[in-house]
Amino acid sequence: MPQTPLTPRPDAVSLAVIPGDGIGPEVTAEAVKVLEVAAPSGVKVEQNRYDLGAERYLATGEVLPDSVLAEIRGHDAILLGAVGGRPGDPALPPGLLERGLLLRLRFELDHYVNLRPSRIYPGAASPLANPGEVDFVVVREGTEGPYTGNGGAIRPGTPHEVATEVSLNTAYGVERVVRDAFARAQRRPAKKLTLVHKTNVLVHAGAVWWRITQEVAAEFPEITVDYMHVDAVMIHLVTNPSRFDVIVTDNLFGDIVTDLAAAITGGIGLAASGNVNPDRTAPSMFEPVHGSAPDIAGQGVADPTAAILSAGLLLDHLGFADEAAALEAAVIADLAERDPGRPRRTSETGDAVAARLA
Ligand SMILES: NC(=O)C1=CN([C@@H]2O[C@H](COP(=O)(O)OP(=O)(O)OC[C@H]3O[C@@H](n4cnc5c(N)ncnc54)[C@H](O)[C@@H]3O)[C@@H](O)[C@H]2O)C=CC1
Ligand SMILES: CC(C)CC(=O)C(=O)O
Ligand SMILES: [Mg+2]
C-alpha cells in the first residue's frame, strides 16, 4: 500500500519506544536518557512506550495487535531494546516474538536496509592483536532472504518429517538494497563495496545478487567492487578486517556477519543498528545488534553502549547529524576512560555519556 512520506515537525520528534524483553528495558532506559540530552535544543523528544514482548504475550496472548502497529506507524522513529526469551523456554513458542513482533515490524514498515556500522573505537577491547583501522558498515537486506516465513513442515514431529525454509530474493528487493549500499559507499572515503554471498552453492539467489550488483556498479564508476563468499568473510574479519568498507549482503548472512563484526570491534555490547526505510514511507527502527541476553537480564550489568549508539543513528536518520556526531564523540570519550578491570553497572554508562552531553 503506498504511504505518504513522513514529514517530521521541526520542533519535536515522536518516538515509539519498545523496551522488549530481558536486558532490552535496561539498555533502552539508558538510550532514552542519553537521547533526551543529545537532541537539539528546542526539539522536544515525545515518547510513547509500547510494552510488547514476552510479558505481554504471557499475560494476554498478544504479540503485536494491528491497532498497536497502526499507532507505532504514526511516529517519527522507533527505539527498540530486544525481544525474545531464553532459547528453549517452553512457555514461548520458538520464533513467536522474533517473527511475530521484530520481523513483523521490519517487514510491515519496509525496513529494507538493516544498517550495521562497525568501528574499533579507541579504548574498545578488540580481541584481535593487530586489527588495524577498522571502520566498515554492513548493509544487510532486511525484508527478504530466509527470514520471510517461506517454509513449512510435513509430518512434523515424526521420523519422516520434512522441513523447508526457502530464501526469498526478489530482483526488486535486491536492487533497492544494493543501490542503497552503493550510495553509502559513494559517500565514504574508501569507496569500496564488497558483495557477500555464497554464489558457489546458492546459485539461484546468488545469480540475482551478482547480476544486480554488476548492473548497479556500472552507475557508480568510482566504487571499487569486489565479492567474497560468506565463509571466507569469517576468515578475513578475524585476520584483516580493515579490508572492508561497505558490505552488502542478504538477511541471514548479514545477521551472522554482524555478530562476528561486533565481537572483533569490542563486543556485542557496543554494536548499534538501524532498520531503515530509506523512502521514509514509515518510521525507521533503531536497536542494538544484540538480543535480550536472558543470561544477564535483571542484573544491571548489560552494556547499554550499543543501544546508546543506536539512538545516535536515530538522530542522524532524523536529520540531526551534528547531534548524532556529538553523541558518538561522547561515547568514544567515555570508552577511552573506562577501566577494563572494573565492570560497569548499566546505568553508570548511561549517566557518564549523558553527563558529557549535558
Ligand atoms: N533484535 C532482537 O530483538 C534480537 C533478539 N534475539 C533474541 O534474544 C534472545 C537471546 O539470544 P542470544 O542468541 O543469546 O543472543 P544475545 O545477543 O542476546 O546474547 C549473546 C551473548 O551476548 C551477551 N550480551 C548481549 N548483549 C549484551 C550487552 N548489551 N552487554 C553485555 N553482554 C551482552 C549475552 O549475555 C550473551 O552471552 C533469543 O530469544 C533471541 O531470539 C537475538 C538477537 C536479536
Ligand atoms: C532474532 C532475529 C530475527 C534478529 C537478529 O538476530 C538480528 O537482527 O540480528
Ligand atoms: Mg542477530
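Numbering of residues begins from 1 in every chain and follows the order in which that chain's sequence is written. As they are written, the chains are lettered A onward and the ligands numbered 1 onward, keeping that order. Local features are withheld for residues below a pLDDT of 70 in this predicted model, meaning they are given only at 70 or higher, and side-chain atom pairs are given and counted only at 80 or more; totals for whole chains, interfaces and linings count all residues. Note that water and hydrogens are dropped before the side-chain values are worked out from all heavy atoms of the structure.

The name recorded for the protein in an unreviewed UniProt entry is 3-isopropylmalate dehydrogenase, from Nocardioides aquaticus. UniProt, in its Pathway (unreviewed entry) section for the protein, records the words "Amino-acid biosynthesis; L-leucine biosynthesis; L-leucine from 3-methyl-2-oxobutanoate: step 3/4." UniProt positions are given in the numbering used here, feature names are shortened, and annotations may be inferred rather than shown by experiment. Regarding the protein, the UniProt comment filed under Function (unreviewed entry) reads as follows: "Catalyzes the oxidation of 3-carboxy-2-hydroxy-4-methylpentanoate (3-isopropylmalate) to 3-carboxy-4-methyl-2-oxopentanoate. The product decarboxylates to 4-methyl-2 oxopentanoate."

Novice: Can you break down the packing of helix α1 (residues 24–38) against helix α9 (residues 305–317) residue by residue, with the values?
Specialist: Packing of α1 against α9 leaves a shortest axis separation of 8 Å and a crossing angle of 40°. On the basis of their axis angle, the class for α1 and α9 is oblique. When you trace α1 past α9, the crossing you get is right-handed. The residues of α9 that touch α1, namely those facing V27, E30, A31, V34, L35 and A38, are A307, I308, A311 and L315. Nonpolar residues are Ala, Val, Leu, Ile, Met, Phe, Trp, Tyr, Cys and Pro. Charged residues are Asp, Glu, Lys and Arg, and all others, Gly as well, are polar. Taken together, the residues that form the contact of α1 with α9 break down as 9 nonpolar, no polar and 1 charged. The convention used is that axes are lines fitted to C-alpha atoms, helices contributing only their stretch in contact, and that angles between N-to-C directions extend from 0 to 180 degrees. Secondary structure counts use DSSP, requiring at least four H or I residues in a row for a helix and at least two E residues in a row for a strand, with both numbered from the N terminus. For classification purposes, an angle smaller than 35 degrees is called roughly parallel, one larger than 145 roughly antiparallel, one from 65 to 115 roughly perpendicular, and anything else oblique. Helix crossings are classified by the rotation of the near helix relative to the far one: an anticlockwise turn of less than a right angle makes the crossing left-handed, while a clockwise turn makes it right-handed. It only takes one pair of heavy atoms within 4.5 Å for two residues to be counted as in contact.

Novice: Describe the site of ligand 1, naming the residues involved and giving the relevant values.
Specialist: Of all residues adjacent to ligand 1, which total 20 residues, the nearest are G85, E98, G291, A293 and D295. Within 3.5 Å is the distance limit for a polar contact, defined as a pair of N or O atoms, with the added protein rule that one can donate a hydrogen and the other accept it, and that residues adjacent in sequence qualify only through two side-chain atoms. Backbone polar atom of A293 to an oxygen atom of ligand 1: 2.8 Å apart, as the coordinates give it. At 2.8 Å from an oxygen atom of ligand 1 is found a side-chain nitrogen or oxygen belonging to D295. Contact with the protein chains hides 69% of the accessible area of ligand 1, taken as 810 Å² for the molecule alone. Looking at the shell around ligand 1 residue by residue, the classes come out as 10 nonpolar, 6 polar and 4 charged. Near is defined per residue: the residue qualifies when any heavy atom it owns lies within 4 Å of the molecule or strand. Per-residue and other accessible areas were derived by the Shrake-Rupley procedure at a 1.4 Å probe size, with only the shown protein chains allowed to occlude residues.

Novice: Break down the pattern of salt bridges for me, citing the residues and quoting the values.
Specialist: Each reported salt bridge corresponds to a side-chain nitrogen of Lys or Arg within 4 Å of a carboxyl oxygen of Asp or Glu. Applying the stated criterion to the full structure yields 25 salt bridges. One salt bridge connects E219 with R179, and the closest N-O pair in it is separated by 2.5 Å. With E219 in the loop between α6 (203–217) and β9 (224–229) and R179 in helix α5 (residues 171–186), the pair connects residues that are 40 residues apart, well separated along the chain. Among the salt bridges present, the one from R344 reaches D334, with a minimum N-O distance of 2.8 Å. Of this pair, R344 sits in the loop between α10 (321–337) and α11 (346–357) while D334 sits in helix α10, and the two are 10 residues apart along the sequence. Of the two residues, R344 and D334, both sit in the buried class. Relative accessibility decides the category of a residue: with a 1.4 Å probe and only protein chains considered, values under 20% of the type maximum give buried, values over 50% give exposed, and everything between is partly exposed.

Novice: How would you explain the layout of surface pockets if you had to name every residue and give the values?
Specialist: Approximately 1200 Å³ is the volume attributed to the largest pocket. Buriedness for pockets is judged along seven lines, at least five of which must meet protein on both sides within 12 Å for an open set on the 1 Å grid over protein atoms alone, while cavities are sets there where a 1.4 Å probe fits but cannot get out, and lining residues have an atom within 4 Å of a point. In this structure, the largest pocket is lined by 45 residues; those nearest its centre are L115, P117, R188, L313 and D316. Grouping the amino acids of the lining of the largest pocket by side-chain chemistry returns 24 nonpolar, 7 polar and 14 charged. Grid points are joined across faces, edges and corners, and a volume is the space filled by probe spheres set on the points. In this structure, the second largest pocket occupies an estimated 700 Å³ of space.

Novice: Describe the site of ligand 2, naming the residues involved and giving the relevant values.
Specialist: In the vicinity of ligand 2, the residues found are E98, L102, L103, R106, R116, R140, D255 and V289. When ligand 2 is considered free in solution it has 290 Å² of accessible area, and contact with the protein chains removes 76% of it. A pocket or cavity is taken to hold a molecule when more than half of that molecule's atoms are within 2 Å of the pocket's grid points. With respect to the detected pockets, ligand 2 is housed in the second largest pocket. Top element by residues in the shell around ligand 2 is helix α4 (residues 96–108). It accounts for 4 residues. Tallied by class, residues from the shell around ligand 2 come to 3 nonpolar, no polar and 5 charged.

Novice: Could you give an account of the nonpolar core, with specific residues and numbers?
Specialist: The biggest cluster of nonpolar side chains holds 60 residues, and the ones touching the most others in it are L79, V139, V178, F182, V248 and L327. Here V248 is in contact with V139, V177, V178, A181, L193, T194, L195, V196 and W209, once residues within four sequence places are set aside. If you look at the next biggest cluster of nonpolar residues, it comprises 22 residues, including V63, V68, I72 and L109. We call a set of buried residues a nonpolar core when its members are Ala, Val, Leu, Ile, Met, Phe, Trp, Tyr or Cys and they connect through side-chain atoms within 4.5 Å of each other.

Novice: Outline the pairing of strand β5 (residues 135–141), supporting the account with residue identities and numerical values.
Specialist: Of all 7 residues making up β5, 6 are buried, and the element is well covered by its neighbours. In the sheet, strand β4 (residues 113–119) pairs with β5 via 7 bridges, with the strands oriented antiparallel. For L115, the partnering residue across the bridge sits in β5 and is V139. DSSP calls a pair of strands paired once it identifies at least 2 bridges connecting them.

Novice: Which residues make up the packing of aromatic side chains, and what values do they have?
Specialist: Geometry of aromatic contacts follows a simple scheme: Phe, Tyr and Trp rings, the Trp one being its six-membered ring, pair when their centres are within 6.5 Å, and the pair is stacked under 30 degrees between planes, edge-to-face over 60, tilted otherwise. Applying the stated criterion across every chain, the model contains 3 aromatic pairs. Ring plane angle 65° and centroid distance 5.3 Å describe the contact between W210 and Y227, whose orientation is recorded as edge-to-face. In this pair, W210 is assigned in helix α6 and Y227 in strand β9, connecting sequence segments 17 residues apart. Since its relative accessible area comes to 39%, W210 is described here as partly exposed. Geometry around F244 places R243 over its ring, the cationic atom sitting 5.3 Å from the centre. Charge over a ring is defined by NZ of Lys or CZ of Arg lying within 6 Å of the ring centre and within 35 degrees of the ring normal.

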